[in-house]
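Chain by chain, the residues run as shown.
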Amino acid sequence: MITTILLSVGIVFLAELGDKSQLMALTFALRYRWWVVLGGIATASAAVHLISVGIGYFLGAALPTRAIALIAALTFLAVGLWTLREHFGGDDEADEPKPPRSTTAPFFVVLSAFLLAELGDRTMFATAALATDNSWVGVWIGSTIGMVAADALAIAAGIMVGKHLPEHIIGIGSGLLFLYFGTASLLAAARPDLGVLTGGALAILAPAAAGIALLIRSRRVRRNSERVPNDPAPEVDRVR
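Below you will find a few notes about this structure. Since this is a predicted model, take the numbers as computed values, not measurements. (Residues numbered from 1 in each chain as written. Predicted model: local features only at pLDDT ≥ 70, side-chain atom pairs only at ≥ 80, totals over all residues. Heavy atoms only, no water.)

## Re a positive patch on the surface
Inference 1: A cluster of basic residues, Arg219, Arg220, Arg222 and Arg223, forms a positive patch at the surface.
Inference 2: With respect to the helices, strands and loops of the structure, Arg219 is situated in helix α11 (residues 205-227). (Patch = residues over 30% accessible without salt bridge, like charges linked within 9 Å, V, L, I, M, F, W, Y side chains within 5 Å. Areas by Shrake-Rupley, 256 points an atom, 1.4 Å probe, with all protein chains shown as cover. Salt bridge = Lys/Arg side-chain N within 4 Å of Asp/Glu carboxyl O. Lys, Arg positive; Asp, Glu negative; His and termini not counted. Charge placed at Lys NZ, Arg CZ, Asp CG, Glu CD. Helix = DSSP H or I, 4+ residues; strand = E, 2+ residues; numbered from the N terminus.)

## Quick notes on the nonpolar core
Inference 1: With 24 residues, the main nonpolar core has Met24, Phe28, Val37, Ile41, Phe76, Val110 and Phe114 as its most contacted residues.
Inference 2: Here this core gets 7 residues from one element, more than from any other, and that element is helix α6 (residues 104-118).
Inference 3: Apart from residues lying up to four places away in sequence, Ile41 is in contact with Ala25, Val110, Phe114, Asp151 and Ile155.
Inference 4: Counting 6 residues, the second largest nonpolar core, distinct from the first, contains Leu77, Leu179, Ala210 and Leu214. (Core = buried A, V, L, I, M, F, W, Y, C linked by side-chain atoms within 4.5 Å. Buried < 20%, exposed > 50% of the residue type's maximum accessible area, 1.4 Å probe, protein only. Contact = heavy atoms within 4.5 Å.)

## Observations concerning the packing of helix α2 (residues 20-31) against helix α8 (residues 136-162)
Inference 1: Packing of α2 against α8 leaves a shortest axis separation of 7 Å and a crossing angle of 40°. Once α2 is placed against α8, the crossing between them reads as right-handed. Every residue of α8 that contacts α2 at Ser21, Gln22, Ala25, Leu26, Ala29 and Leu30 is listed here: Ala150, Asp151, Leu153, Ala154, Ile155, Ala157, Gly158, Val161 and Gly162.
Inference 2: Within the contact of α2 with α8, the residues separate by chemical class into 10 nonpolar, 4 polar and 1 charged. (Axes fitted to C-alpha atoms, helices over the stretch in contact; angles between N-to-C directions. Left-handed = near helix turned anticlockwise from the far one by under 90°. Nonpolar A, V, L, I, M, F, W, Y, C, P; charged D, E, K, R; others polar.)

Laid out in structure tokens, this is it:
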């Protein structure tokens, strides 16, 4: 079993390097506490790979990957829009003190996003293939460890980047990245004939359009704020 675990760790770790899950882990680490992100990723990884080894070892069937990919794409788009709305409010909202962050909601956001993203991913198929000829317990343990280790590197990178950037910039960047993930996943599910490079190139249009819209709105807000001091003060009736 030790050999199976080590084999699964190596294969999944290498498969996750440069994958979208690492970019997602980095993005989440820019917004939430690292242990919340790592806990959500570990839980999602254990669940997804348990499904994978069950498919490969017991069923030998495939999940409805296209439907799952569409749900994941809509989830990414919703998280991206929610993040941009949260971090691009008015000036009055920025001046107000923020309440303490809850760890429950971020945990379930990370958990659901990774769970949907990894279902039908190449890592899942690799895990299912390993489970057909090896101990499913060893494959499950090794694949979970490999994925968590690869994403932990991305979380560390996110922590280092987050120390040098303002929270407002981090939030906007995270929202734009999730718009890209969602659009890319949506194109891959709806038009698989486009290819990875073409779909990725077209997916850039969504965050680019959102970035331009945010820039225009920022300039309007700044212009309106500069006009306010020049306006004449309202007259106050004097009590005689």
